[in-house]
Amino acid sequence: MDRYPVRSLVVLLTVLVLTAAGCSAAPAAAPTARGAAGFERVTVDQLARMLEDKDFVLVNTHAPYEGEIPGTDLFIPFDEIAGRQDELPARDARIVLYCRSSSMSLEAAETLVDLGYTRVIEVEGGMTAWRAAGHALSPQ
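Reading guide: rules and limits
Residues numbered from 1 in each chain as written. Predicted model: local features only at pLDDT ≥ 70, side-chain atom pairs only at ≥ 80, totals over all residues. Heavy atoms only, no water. Helix = DSSP H or I, 4+ residues; strand = E, 2+ residues; numbered from the N terminus. Buried < 20%, exposed > 50% of the residue type's maximum accessible area, 1.4 Å probe, protein only. Contact = heavy atoms within 4.5 Å. Areas by Shrake-Rupley, 256 points an atom, 1.4 Å probe, with all protein chains shown as cover. Polar contact = N/O pair within 3.5 Å; in protein donor to acceptor, adjacent residues only side chain to side chain. Phe/Tyr/Trp six-rings, centres within 6.5 Å; stacked < 30°, edge-to-face > 60°. Pairing = 2+ DSSP bridges. Axes fitted to C-alpha atoms, helices over the stretch in contact; angles between N-to-C directions. Arc of directions from axis to C-beta. Core = buried A, V, L, I, M, F, W, Y, C linked by side-chain atoms within 4.5 Å. Right-handed = clockwise from strand over helix to strand, strands pointing away.

Caption draft 1: How the structure looks around the overall build of the protein. If you tally the helices and strands in the protein, you get four helices and five strands. Secondary structure elements of the protein, listed N to C terminal, follow the sequence α-β-α-β-β-β-α-β-α. Evaluated residue by residue, the protein yields a buried proportion of 34% over its 140 residues. A separation threshold of at least 6 residues defines the contact pool for the protein, and within that pool the share at least 24 residues apart is 66%. In the form shown here, the protein has an accessible surface area of approximately 8,300 Å², with 56% of it arising from carbon and sulfur atoms.

Next up, the structure:
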């Protein structure tokens, strides 16, 4: 018995099985990289300059509330942002998010991008970086 036809048959069957498995499997979710997730990140110094000619909505997403950067328009905890879209501007408006250190605002930014918001900006380091740069917070 010649081994080459058997080997060819095994290869063909393997390819068919793998192709069928790939077609029937649910597509894997693409990994989301911070910064490449559809939103921008700015430093607190960039935010300070942006606040001079403010053309965006500034949202504090830190829970629980612990004060805010002056000029803040809304307080919406990061885990409530999807359910409170009615308080946000249109999906194509600039929305700047921050929290105490960035973890909550990054999650909120990803949520807004997933909901179709196209001009989301997150403040790197949040209120901690804001204070470290010598800026004051509004009191609690």
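Caption draft 2: Quick look at the side chain of Ser 105. Its place among the elements puts Ser 105 in helix H3 (residues 103-114). A polar contact of 3.3 Å, which involves the side chain of Ser 105, links it to the backbone oxygen of Ser 102. Contact partners of Ser 105, with chain neighbours within four places excluded, come to Thr 61, Leu 97, Tyr 98, Cys 99, Glu 122 and Val 123.

Caption draft 3: Spotlight on the packing of aromatic side chains. Using the criterion set out here, one finds one aromatic pair in the structure. Seen in terms of ring centroids, Tyr 65 and Phe 75 are 5.1 Å apart; in terms of plane orientation they differ by 85°. Their pairing is edge-to-face. In this pair, Tyr 65 sits in the loop between strand S2 (57-60) and strand S3 (74-75) while Phe 75 sits in strand S3, placing the two residues ten residues apart along the sequence.

Caption draft 4: Structural detail: the sheet that holds strand S1 (residues 40-42). Read across the open sheet, the five strands follow the order S1-S5-S4-S2-S3; overall the sheet is parallel. Whereas interior strands pair on both sides, the edge strands pair on one side only; in this sheet they are S1 and S3. Relative to strand S4 (residues 95-98), S2 is paired through four bridges, and the arrangement is parallel. Among the inter-strand pairings, Val 57 is bridged to a residue of S4, identified as Ile 95. Here helix H2 (residues 44-52) sits on the sheet and contacts S1, S2, S4 and strand S5 (120-123); the angle it forms with S1, its principal contact strand, is near 90°. Strand contacts of H3: S1, S4 and S5, with the helix running at about 175° to S5, the strand carrying the most contacts.

Caption draft 5: Main features of H2. What H2 keeps buried is the set Val 44, Leu 47, Ala 48 and Met 50. Buried residues of H2, viewed axially, fall in a sector of 160°; they line one side. Summarising the geometry of H2, the exposed residues directed more than 90 degrees from the buried face are Arg 49 and Glu 52.

Caption draft 6: Representation of the nonpolar core in the model. Counting residues in each nonpolar core, the largest one holds 20 residues, and the members touching the most others are Val 59, Leu 88, Leu 97, Leu 112 and Val 120. Looking at this core, the elements that each hand over two or more residues are S2, S4 and H3. Considering each element in turn, this core owes the most residues, six residues, to H3. When residues no more than four places from it in sequence are discounted, the contact partners of Val 59 are Leu 74, Ile 76, Leu 88, Ile 95, Val 96, Leu 97 and Tyr 98. Counting 14 residues, the second-largest nonpolar core is a separate cluster that includes Met 50, Ile 69, Val 96 and Ile 121.

Caption draft 7: Inspection of the pairing of S5 at higher detail. The alternating pattern of S5 places Val 120 and Glu 122 and Ile 121 and Val 123 on opposite faces, both of which are buried. As paired elements, S1 and S5 share three bridges and run parallel to each other. From the neighbouring strand, Arg 41 faces S5, where its bridge partner is Glu 122. Where S4 meets S5, three bridges bridge the pair, whose relative direction is parallel. By the bridge assignment, Val 96 is partnered in S5 with Ile 121. For the segment spanning S4, H3 and S5, crossover handedness is right-handed.

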